[in-house]
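# Coordinates in review
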Amino acid sequence: MSIRTRLTSTTTVLAALLLLGSTAAGAVPDRPTGPQREIDVYLRGHPGGVQVSDNAVAYRDGDVVVVFPDPGEPRAPEGLGANVRSVALATELADDLQAAAASYAGCPYGASDRWYCFYTDSGFGGRRLQFLNTCSDYASDWGFNNATSSWVNTNPDSRIVAWDYRGGTALWVEDQGISSDGWVGSGDNDRMSYWSRSNC
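Residues numbered from 1 in each chain as written. Predicted model: local features only at pLDDT ≥ 70, side-chain atom pairs only at ≥ 80, totals over all residues. Heavy atoms only, no water.

## A short note on the side chain of T120
Condition: Each helix is a run of H or I in the DSSP string that is no shorter than four residues. Each strand is a run of E no shorter than two, and both are numbered from the N terminus. Relative accessible area decides the class of each residue, using a 1.4 Å probe on protein chains only: under 20% of the type maximum gives buried, over 50% gives exposed, and in between gives partly exposed. Counted as a polar contact is a pair of N or O atoms within 3.5 Å, where, for protein atoms, one must be capable of donating a hydrogen and the other of accepting one, and residues adjacent in sequence contribute only when both atoms are in side chains. Pairs of residues are marked as contacts when any of their non-hydrogen atoms sit within 4.5 Å.
The topology assignment puts T120 in strand β6 (residues 116–121). What makes T120 buried here is its relative accessible area of 14%. A polar contact is formed between the side chain of T120 and the backbone nitrogen of R127, at a distance of 3.0 Å. Every residue in contact with T120, bar those within four places of it in the chain, is listed here: G125, G126, R127, F144, A147 and S149.

## Side note on the packing of aromatic side chains
Each pair of aromatic rings is reported with the distance of its centres and the angle of its planes. We apply this condition: Two rings from Phe, Tyr or Trp (for Trp, the six-membered ring) form a pair when their centres are within 6.5 Å of each other. A pair whose planes differ by under 30 degrees is stacked, one over 60 is edge-to-face, and the rest are tilted.
A full pass over the atoms with the stated rule returns 12 aromatic pairs. With a centroid separation of 5.4 Å and an interplanar angle of 75°, the aromatic rings of Y42 and F68 are classed as edge-to-face. Within this pair, whereas Y42 is found in helix α2 (residues 35–45), its partner F68 is found in the loop between β3 (64–67) and α3 (88–99), the two being separated by 26 residues in sequence. Residue class for F68 comes out buried when judged on its relative accessible area of 0%. Plain terms: the ring middles of Y59 and W142 are 5.0 Å apart, the flat faces sit at 70° to each other, and that makes the pair edge-to-face. One end of the pair, Y59, is in strand β2 (residues 56–59); the other, W142, is in the loop between β8 (136–138) and β9 (150–153), with 83 residues separating them in the sequence. There is no split in this pair, since Y59 and W142 are both buried. The rings of Y42, Y59, F68, Y116, F118, F131, W142 and W195 are connected pair by pair, giving a single aromatic cluster.

## Thoughts on the sheet that holds strand β10 (residues 160–163)
Sheets are built from strands that pair by backbone hydrogen bonding, the pairs being arranged parallel or antiparallel. Counted only if it meets this: Pairing between strands is defined by DSSP: at least two bridges between them are needed. To obtain an axis, a line is fitted to C-alpha atoms, over the contacting stretch when the element is a helix, and the angle between two such axes runs from 0 to 180 degrees between their N-to-C directions.
Pairing in this open sheet of 4 strands is antiparallel, and the strands run β8-β13-β10-β11 from one edge to the other. Edge positions in the sheet fall to β8 and β11 (170–174), since each has one partner strand and no second. Along the sheet, successive strands turn relative to each other by an average axial angle of 15°, direction set aside. One ladder, built from 3 bridges, connects β8 with strand β13 (residues 194–197); its direction is antiparallel. Bridge assignment links D137 to a residue of β13, and that residue is W195.

## Structural notes on the pattern of salt bridges
Here is the rule we go by: For salt bridges, the criterion is a side-chain nitrogen of Lys or Arg within 4 Å of an Asp or Glu carboxyl oxygen.
Within the structure shown, the criterion is met by 6 salt bridges. For R60, the salt bridge is made with D137, and the minimal N-O distance between the two is 3.1 Å. With a gap of 77 residues between them, R60 in the loop between β2 and β3 and D137 in strand β8 connect regions that are remote in the sequence. The class of R60 is partly exposed, set by a relative accessible area of 44%. Linking D188 and R191 is a salt bridge whose minimum nitrogen-to-oxygen distance equals 3.7 Å. For D188, a relative accessible area of 18% puts it in the buried group. Given the relative accessible area of 32%, R191 is considered partly exposed. Because the salt bridges share partners, they merge into one network encompassing D164, D188 and R191.

## Digging into the sheet that holds strand β7 (residues 125–131)
As summarised here, the arrangement of the 7 strands in space is β1-β2-β3-β7-β6-β9-β12, forming an open sheet in which the pairing is antiparallel. Of all strands in the sheet, those bounded by a partner on one side alone are β1 (50–51) and β12 (179–181). The pairing of β6 with β9 spans 4 bridges and is antiparallel. Note on β9: the bridge partner recorded for C117 is V152. Those strands touched by α2 are β1, β2, β3 and β7, and its axis lies near 25° from that of β2.

Purely geometric stuff here, so don't read any function into it on its own.
In structure tokens, the structure reads:
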């Protein structure tokens, strides 16, 4: 075999190896990214939910909804976010939210809506936790223990009281009707672990 032939063969083999190496490196299996990865982790820690869109998980037949921001976005999208699922609960929730007259920082309100919402970040940013008919609850049940920085209450009949723990100190009161606070203040930030609703 001539030197020229050996060089050509060696070059061909090296090129093939490089090509195989780059293909193998690029052939990483698809993995969930953005909110899907976060939702998967959330559902493992908080079982019993139904994923109703790319961004949202619902519990208690839709009375509790957790909405996650898209990657790189500072806040959760309005409504349920993208690609609402075809399951009955998702359809019903989407219809209810669409029927709402409007929303304030993503928290729906209207003639028949009685939602109130908590947010993990100030300025109504981060994840949004929405409640429809809940009288009281523990933030730890929903991954929000000591992690609330802002809130909205669109319930025209009820006040919401946030507590550092059940039977503890009241941190803030959310007046009935449309009320909100984009920053609970440094003294109350990330301290809520329990809340209660009046007229329940």
